[in-house]
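Secondary and tertiary structure notes
Here is how the chains run, residue by residue.
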Amino acid sequence: MSTKLTLYVEFSDGLDTLIKDELLKKVDGRLQATLTLDSEHDGPNIRDLVEYIRDNCIKRNPELFYMENGVRPGILVLVNDVDWELTDDGVDKYDQKLENNDNVVFISTLHGG
């Protein structure tokens, strides 16, 4: 069974420069992409979203977003305004299920100087 979701994905603090320009729109002053995610298992999860972004949305330097099967260390991920590291439901953070119209924000905490 295939599941399709519409997700609102925001890329902040420089991550937006890695994303294909045609995917980004300014919404309430923030750059956001509306993505439709399709999953063959029991519903799309964070892993599906991260892999979709890696394979379909990154225009350059994918290693600045993704490394070793996941989001690069130093990138904060919020799902509906909650840090994905704070979920305490016994599920791996990448296996967290996503629901239609969820808002996912990727924020780079790495800055040059």
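Below: a short report on this structure.

1. Some words on the overall build of the protein
The number of helices and strands found in the protein is 1 helix and 6 strands. Scanning the protein from its N terminus toward the C terminus, one meets helices and strands in the order β-β-β-α-β-β-β. Taking 13 Å as the expected radius of gyration for a compact globule of 113 residues, we find that the protein reaches 13 Å, a close match to that expectation. Referenced to the eigenvectors of the C-alpha coordinate spread, the extents of the protein come out at roughly 45 × 30 × 25 Å. Looking at the protein as a whole, 40% of its 113 residues are labelled buried. By element, 46% of the accessible surface of the protein is carried by carbon and sulfur atoms, the whole surface being about 6600 Å². On the protein, the mean spot of the 12 positive side-chain charges and the mean spot of the 23 negative ones are 7 Å from each other.

2. Digging into the packing of aromatic side chains
The relative placement of two aromatic rings is captured by the distance of their centres and the angle of their planes. Counting across every chain of the model gives 3 aromatic pairs. Seen in terms of ring centroids, F65 and F106 are 5.2 Å apart; in terms of plane orientation they differ by 70°. Their pairing is edge-to-face. In this pair, F65 is assigned in the loop between α1 (46-56) and β4 (75-79) and F106 in strand β6 (residues 103-108), connecting sequence segments 41 residues apart. Members of the aromatic cluster, connected to one another through ring pairs, are F11, F65 and F106. Here the basic side chain of R54 rests over the ring of Y66, its NZ or CZ set 4.6 Å away from the ring centre.

3. Describing the side chain of S108
With respect to the helices and strands, the residue S108 is situated in strand β6. What S108 contacts, discounting residues up to four positions off in sequence, is S12, D13, L15 and G74.

4. A few points about the nonpolar core
Grouped together as the largest cluster of nonpolar side chains are 28 residues, with contacts concentrated most on F11, L49, I53, F65, L98 and F106. Looking at this core, the elements that each hand over two or more residues are β1 (3-12), β3 (30-39), α1, β4 and β6. When near neighbours in sequence (up to four residues on either side) are disregarded, L49 contacts L7, V9, L35, L37, L98, V104 and F106.

5. Details of the environment of L31
Secondary-structure assignment places L31 in strand β3. The exposure class assigned to L31 is partly exposed, which follows from its relative accessible area of 29%. In this structure, the C-alpha to C-alpha distance between L31 and S108, residues 77 residues apart in sequence, is 14 Å. Excluding its chain neighbours within four sequence positions, the residues that come into contact with L31 are V9, E10, F11, D16, L24, K25 and K26.

Thresholds, definitions, all that
Residues numbered from 1 in each chain as written. Predicted model: local features only at pLDDT ≥ 70, side-chain atom pairs only at ≥ 80, totals over all residues. Heavy atoms only, no water. Helix = DSSP H or I, 4+ residues; strand = E, 2+ residues; numbered from the N terminus. Rg over C-alpha atoms; globule rule 2.2 N^0.38 Å. Buried < 20%, exposed > 50% of the residue type's maximum accessible area, 1.4 Å probe, protein only. Areas by Shrake-Rupley, 256 points an atom, 1.4 Å probe, with all protein chains shown as cover. Lys, Arg positive; Asp, Glu negative; His and termini not counted. Charge placed at Lys NZ, Arg CZ, Asp CG, Glu CD. Phe/Tyr/Trp six-rings, centres within 6.5 Å; stacked < 30°, edge-to-face > 60°. Lys NZ or Arg CZ within 6 Å of the ring centre and 35° of its normal. Contact = heavy atoms within 4.5 Å. Core = buried A, V, L, I, M, F, W, Y, C linked by side-chain atoms within 4.5 Å.

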